[in-house]
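# Coordinate inspection notes
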2 protein chains.
Amino acid sequence: MDLENGRCRVVIEGISPQIDGGRYPIKRIVGDSVSVRADVITDGHDLVAGCVRYRPVTEDKFVEVPLAALVNDRWQAAFTVDSVGRWEYAIEAWIDGFATWCHDLERRVAGGTDITVDLLIGARLLGDAAKRATADDKTILTTAAAAVADSKADPAARAEIALAPELASAMARNPDRSLATRTATFAIVVDRPRAGFSAWYELFPRSFGPPGAHGTFADAEKVLPYVASMGFDVLYLPPVHPIGRAHRKGKNNSLTCEPGEPGSPWAIGDETGGHKAVHPDLGTLADFDHFVRAAAGHGLEVAIDIAFQASPDHPYVTDHEEWFIKRPDGTIQYAENPPKKYQDVYPFNFESEAWRSMWEELCGIFSFWIGHGIKIFRVDNPHTKALAFWEWAITRIKAEHPDVLFLAEAFTRPKVMYALAKRGFSQSYTYFTWRTTKHELTEYLEELVNSDVSEVFRPNFWPNTPDILPEHLQHGGRAVFCTRLVLAATLSSSYGIYGPAFELMENVPRAGSGEYINNEKYELRHWDIDRADSLRHVIARINEIRREHPALHNNHSLEFHHTDNDEIVCYSKQDRASGDAVLVVVNLDPHHTQSAWVTLDLESLGIDGEAPYQLHDLLGEGRFLWHGAKNFVKLDPHEMPAHIFYLKRRSRREQDFEYFA
Amino acid sequence: MDLENGRCRVVIEGISPQIDGGRYPIKRIVGDSVSVRADVITDGHDLVAGCVRYRPVTEDKFVEVPLAALVNDRWQAAFTVDSVGRWEYAIEAWIDGFATWCHDLERRVAGGTDITVDLLIGARLLGDAAKRATADDKTILTTAAAAVADSKADPAARAEIALAPELASAMARNPDRSLATRTATFAIVVDRPRAGFSAWYELFPRSFGPPGAHGTFADAEKVLPYVASMGFDVLYLPPVHPIGRAHRKGKNNSLTCEPGEPGSPWAIGDETGGHKAVHPDLGTLADFDHFVRAAAGHGLEVAIDIAFQASPDHPYVTDHEEWFIKRPDGTIQYAENPPKKYQDVYPFNFESEAWRSMWEELCGIFSFWIGHGIKIFRVDNPHTKALAFWEWAITRIKAEHPDVLFLAEAFTRPKVMYALAKRGFSQSYTYFTWRTTKHELTEYLEELVNSDVSEVFRPNFWPNTPDILPEHLQHGGRAVFCTRLVLAATLSSSYGIYGPAFELMENVPRAGSGEYINNEKYELRHWDIDRADSLRHVIARINEIRREHPALHNNHSLEFHHTDNDEIVCYSKQDRASGDAVLVVVNLDPHHTQSAWVTLDLESLGIDGEAPYQLHDLLGEGRFLWHGAKNFVKLDPHEMPAHIFYLKRRSRREQDFEYFA
């Protein structure tokens, strides 16, 4: 209750979009429209007017767009965020004295009451506005004020002047906002398009050397054309830093490490350096820079892995013992998930009294790599570092580098995953990896797409990762790899695979684990990427479809359609601007042919229920003519377990043409 | 982001109950339980603990109640608000270092790993807690710290000491909260029971004098036993102040007023006084005081009407011209709804530059009448006064007089009605007056009872008012009066009628209006309250049922049950504490007998679907034996259009007894 401001009678409530009352920014992609809504009310019967004020925070001045009334005292205004960076908006609203007066005057005239005094009130409103106005408006309003006040003229004629629509426009341009109510500002983080639409490929550069040798960045450059040929746009590398020697893990996560074994890239740091160094066996920083440029030449943006933890050999351990937890025996606390011990890794202590210097240093790691051309960071286990740190660090980095993106590798409890998104992560790994049934997929996507979560949390769907070879991939053969690929690439506008394990359909776990056997995390692998049965061409086609179809560049339009078989899932995506529409039908059973009647929501798809419409299968190249809402599909997983249909709808114009023909 | 506080790792979000992020207080009745819930999360795998802290704002110290975990990182704690006035709560949560350590130690012991160093860590935690503890806990913790640290003892025995439940309790009582996170406080307005459960009766005292004469407070005292006999608890009087003479309205809202006509009580003020005076024809202030005491003697609390507007003769108009709007011709702006003019009433100008002195004066009117024993105010048209004023005035008055209640007579747009409730009104008139169909009633009650609205908005259902004789009451005869009475009195825990017009079933409107003909607002009426066909005994019985059945004292338990006839509505209310349950079935058709199969939600009603259960009709005195969910009802509106069933369910104990018998 602002007691300095008791005369301001307009109240603005129920503002959307916002998260936690404006505590955290919402997210948008450059070019998006932000549709702001609020309840705008006042006491009595006065009419209100208002605007949404918005700006990139780097600008001094706000731009204003007028609020338009919806129903039930709800108002709306939209604006486009046309540059990357932090924006903000506020709402301002006021009593529209002139509109109120006009409304009353019309009723007075209709009721035949004496309007002499009312005309003088209107003239005063016009005169006051003239004082605020400039240029043409000043002239219009001054003239009108005099005419409406002219007691020698006919009151009816004066009312007509007052009620002219042009005068209403001039008054709307010069409102009395002296008693306006203004809300707090609400922040928007506007990202470049890749934040919302991206296809990721993860590989271990060290696995691409000559047989038996540790691969280098130079070796990995040779595989860039292969990755590019599959149509990916982000190439993500596990940590590229020196690997510690103390307690180094051997093949298959063995506690004993044979001489010459490379160790896990996530055990970061040795005497040659830590998070700001590259592993000598991969090459030099200059080689890294060269690799990044070479990738860019193939249309691939390199993302690197940032894992905030240190091997016992990391320089931080000696230089900044205060950033770690000391045990009573004087040793430093290693990572644990009792009874499992990870003695090759020391976690940072976010309760350290030296937290300020630690935050500065960790944040500086991002800055260092930004200096080497990296603009996308895949952050390892961000949920084991303080949430407050992420908000501070990401906000700080994006203030200087608004095009930098952060992918949260947080496979943890849902509230924590969403909390990380609120605090600034641009994208996040998800539970998709384990969601396999129609019910699970539908329920999860509804949560991601149709709840407030969608304002901050951008999913990135991964069928596999070096850490996760899910049960279904172990047993479903080629079909399940195709199914998971199609689902990931079409349900979510961002997705990724860990390759070449994925396209070569690696499916054998290490006994008793959900991890790959002979995992690249602990040893060098050599991949036969030219194997005839590779899925590389299916992947290439799917990424091509994704690029060509704007409908697949968003998640908000996702809609599930009913099918009468739980093994068949059907959904659509649309792009309003281009009119593009894609319908996907997937057989979730990797072993048997399944069929179903699917019932489309024709209205939301903009399909005329009376006329046939064509579906073009972009995967299988078949063409189908469907009619009405209910149609039959049948999918043999041994051929291709999915249709990705381009939905050819006649435009309204074509229909009109046909109607008149 | 609190950069002073980077080490505090716990995050508290999604707090309920709260309104607009804590901007407005929620409301409760004294004795209510407040169940607070929040998401409590932290990074990593540490366990958290926390509490809800609460207090009446007049107390210095907070009381704490521990949070208990629900599912999905949601936590809950409840407390009882046991005194009237403003309360507040906050949530505090922290990392539970000892619980985390115990959890890990159990897994280490189970995994057979060396726990020597871990025991020293635990001993340190115990020793630190001992420093915080007092009395017995200090001894327990000091002893345990030494035992767990004792390197000469067997580690397994030391672990057993550390993991003892009594030690966990002692540690939970002495947590390390140095890095705790605390939320802002959330306010609660706690009202006396009448705010949530009340039966109102409105009458015009001036209509109870000898035939032809203006009634006085003394005359009206004679009608108190009659009102009390019907079981009401609030007696509400239209404005009792002097009535202006300028532009006084005549009978039936005539613009011309014959000599001797009394005028509308809402045209407040003449040369003898304004809002702090009583009308000389009603008596003196002493007579008013006597009336209030006499009413109390009959169990009736007097509520008065506060209408912030002035007749042209009100002393404010001359003494405080600055509180009104001046027109260009020098006159003061009267109330209008163009082309209608209400020249007998001047509205206050809430945009006046003298708003501070006006707010003080208006607020002082409440204080004045509180000084005369009034604790309930029915506020006339609060929606035509600034919302900010109400928040300030009500908060201020309740800070000094927490038992004062305000009923908002705002028949306006829904968002404005809810905005008034947020700003402090204890109860509000509603749209019930016009909601007649099953669909309308169900939809409206769902909004009032099952949305956030219920945290602030307490409905008061009125079938009629001096301003409103709704269409259905004009044509439905005795049956519709009974129907509307039962609906008002059982759907809402607070309701009221304008009498004796209601019980005498007045149903003739003034031509072309939705108002009564010969309306008491403009003339004296004389009522034959002893008329044989009066509904007074039905009303008395319904108010008796309301008092006897705690189920009818709340709204939150309201549940509608399915019926297969749109003319039959069925709903229940329950009281958890007493186990009381009431089931109401109403025939909405005043003209024809209607029947229906109703399907009860047996689970929520706690009814065993396998055994018969008894319903006792409290209105008609019939007894019915029902079985299962689906049962048949038939209601003849010419007898009684409703059942109010007391639902006799066997207690769990009776059922167990039967089971073992």
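See above for the structure.
So, a few notes on the structure that sits alongside this text. All values reported here derive from a predicted model rather than from experimental measurement.

What counts, and at which threshold
Residues numbered from 1 in each chain as written. Chains lettered and ligands numbered in written order. Predicted model: local features only at pLDDT ≥ 70, side-chain atom pairs only at ≥ 80, totals over all residues. Heavy atoms only, no water. Contact = heavy atoms within 4.5 Å. Buried area = accessible area lost by both parts, 1.4 Å probe. Salt bridge = Lys/Arg side-chain N within 4 Å of Asp/Glu carboxyl O. Polar contact = N/O pair within 3.5 Å; in protein donor to acceptor, adjacent residues only side chain to side chain. Helix = DSSP H or I, 4+ residues; strand = E, 2+ residues; numbered from the N terminus. Nonpolar A, V, L, I, M, F, W, Y, C, P; charged D, E, K, R; others polar. Axes fitted to C-alpha atoms, helices over the stretch in contact; angles between N-to-C directions. Parallel < 35°, antiparallel > 145°, perpendicular 65-115°, else oblique. Left-handed = near helix turned anticlockwise from the far one by under 90°. Pairing = 2+ DSSP bridges.

## Quick word on the interface of chain A and chain B
Every contact between the two is made by 66 residues of chain A and, on the other side, 66 residues of chain B. Across the chain A to chain B interface the summed buried area is about 5700 Å²; carbon plus sulfur atoms make up 55%. Taking the shortest distance from any N to any O, the salt bridge between A:Asp118 and B:Arg327 comes out at 3.9 Å. For the interface between chain A and chain B, the tally reads 24 residue pairs in polar contact (both at pLDDT 80 or more). Among the secondary structure elements, those contributing two or more residues to the side of chain A that touches chain B are strand E1 (10-16), strand E3 (33-42), helix H1 (97-111), helix H2 (116-132), strand E15 (335-337), helix H10 (355-370), helix H11 (387-400) and helix H12 (414-422) of chain A. Its residues assigned to classes, the side of chain A that touches chain B comprises 23 nonpolar, 13 polar and 30 charged.

## Observations regarding the packing of helix H2 (residues 116-132) of chain B against helix H3 (residues 135-149) of chain B
All names here are of chain B. Put simply, H2 and H3 touch, their axes get as near as 8 Å, and they point 160° apart. Our classification of the angle between H2 and H3 gives roughly antiparallel. Handedness of the H2/H3 crossing: left-handed. Across the interface between the two elements, Leu119, Leu120, Ala123, Leu126, Gly127, Ala129, Ala130 and Lys131 from H2 touch Lys138, Leu141, Thr142, Ala144, Ala145, Val148 and Ala149 from H3.

## Side note on the sheet that holds strand E7 (residues 74-80) of chain A
In spatial order, the strands read E1-E3-E7-E6 (chain A); together these four strands make up an open sheet with antiparallel pairing. One side of each edge strand has no neighbouring strand; the edge strands of this open sheet are E1 and strand E6 (68-69) of chain A. For E6(A) and E7(A), the ladder comprises two bridges, and the chain directions are antiparallel. Its bridge partner lying in E7(A), A:Ala68 is registered against A:Gln76. Contacting E1, E3 and E7 of chain A, helix H12 (residues 414-422) of chain B runs over the sheet at an angle of about 70° to E3(A).

## Things to note about the pattern of salt bridges
All names here are of chain A. For the coordinates displayed, the defined rule picks out 98 salt bridges over all chains. Salt-bridge contacts for Arg23 lead to Glu391; the nearest nitrogen and oxygen are separated by 2.8 Å. Of this pair, Arg23 sits in the loop between E1 and strand E2 (26-29) while Glu391 sits in helix H11, and the two are 368 residues apart along the sequence. Between Glu621 and Arg541 there is a salt bridge; the shortest N-O distance is 3.7 Å.

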